[in-house]
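If you want the building blocks of each chain, they are given just below.
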Amino acid sequence: MTSSQSILEMLSPYPPGWGGVLLKGALSTISISLGAYLVGMLIGLGGALGKLKGNRPVLFLLDLYTTAVRAIPELILIIGLYYAGTDGLNRILSSFGIPAIEINGFVAAIAVLGIVQGAYMTEVLRGAILAIPVGQIEAASSFGMRPWLRFRRIVLPALMPNALPGLANLWMSVTKDSALIAVVGYQELALATRIAAGNTKHYFVFFLVAAALYLVITLLSNVVFGLLESRYRRGQPKNV
């Protein structure tokens, strides 16, 4: 009984419990993941359109980007982009006589993970666009639709059912990859768990709670993506 009370006290959201620290870490994980996901989607959309309609130099650069990011382990990319990117930016600023700046850890985490996500998003969205029947796009063009209107009314609704499974997988991936941000010192769920476990020496308890929090995030994400897929697949045969 005493042991159970001790564990509950440790997991309390109020000090000296560590529950509040874990919940803040989970919120940081969701915030970083969402920000990186949106950045990656913007990069991926631009990359997909560039691969489909760009000239040779653009295609070469995009191929180099997507191949390099998918080939190099995420941990090496995160450390390299964070430290090399910060150092490179400060060197550029110093060359113009501007004092060095300290990059905000939250912004850096979103930017680094967004660059990684962008490479995968590029291929997912490119494949989804290629799956759209050409006749639909040609018909929209023949009606005089401008590119943005054509994209909004024809391309986007048609690509989403094909892209959603891949986009869902990338969201699950970024929520786990966010744990790698701990190596650059930003406190999200993984680092908060290590701090709590290190201070209390109850490693099993805190890592089990962290695993449960990640599982909750995943289950809720499955519900959201399931609703989105149902919405975008309305009117389509269920076996498609």
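Not measured: the values here are computed from a predicted model.

Reading the values: the criteria
- Residues numbered from 1 in each chain as written.
- Predicted model: local features only at pLDDT ≥ 70, side-chain atom pairs only at ≥ 80, totals over all residues.
- Heavy atoms only, no water.
- Core = buried A, V, L, I, M, F, W, Y, C linked by side-chain atoms within 4.5 Å.
- Buried < 20%, exposed > 50% of the residue type's maximum accessible area, 1.4 Å probe, protein only.
- Helix = DSSP H or I, 4+ residues; strand = E, 2+ residues; numbered from the N terminus.
- Contact = heavy atoms within 4.5 Å.
- Salt bridge = Lys/Arg side-chain N within 4 Å of Asp/Glu carboxyl O.
- pLDDT = per-residue confidence, 0-100.
- Axes fitted to C-alpha atoms, helices over the stretch in contact; angles between N-to-C directions.
- Parallel < 35°, antiparallel > 145°, perpendicular 65-115°, else oblique.
- Nonpolar A, V, L, I, M, F, W, Y, C, P; charged D, E, K, R; others polar.

With 30 residues, the main nonpolar core has Tyr37, Leu113, Leu159 and Leu167 as its most contacted residues. Secondary-structure elements contributing two or more residues to this core are helix 2 (19-53), helix 4 (74-95), helix 5 (105-130) and helix 7 (147-177). The element best represented in this core is helix 7, accounting for twelve residues. When sequence neighbours within four positions are dropped, the list of residues in contact with Leu167 reads Tyr37, Met41, Met121, Val124, Leu125, Met160 and Phe225.

What follows covers the pattern of salt bridges. As enumerated under the stated definition, the model contains three salt bridges in all. Here Lys51 ties to Glu123 by a salt bridge, and the two come within 2.4 Å at their closest N and O atoms. Taken together, the residues Lys51 in helix 2 and Glu123 in helix 5 connect sequence positions 72 residues apart. Neither residue differs from the other here; Lys51 and Glu123 are each classed as buried. Put simply, Lys51, Asp63, Glu123 and Arg126 are held in one network by salt bridges that share partners.

Turning our eyes to something else, we now look at the confidence of the model for the protein. Considering every residue of the protein, the mean pLDDT works out to 85; 95% of them sit at 70 or more. Of all secondary-structure elements in the protein, the lowest mean pLDDT belongs to helix 1 (residues 2-10), at 67, while helix 2 reaches the highest, 92.

A few words now on the packing of helix 6 (residues 134-142) against helix 7. Relative orientation of the contacting elements helix 6 and helix 7 amounts to 170°, with a least axis distance of 10 Å. What the angle tells us is that helix 6 and helix 7 run roughly antiparallel. The residues of helix 7 that touch helix 6, namely those facing Gln136, Ile137, Ala140 and Ser141, are Arg150, Ile154, Val155 and Ala158. Counted by class, the contact of helix 6 with helix 7 contains five nonpolar, two polar and one charged residues.

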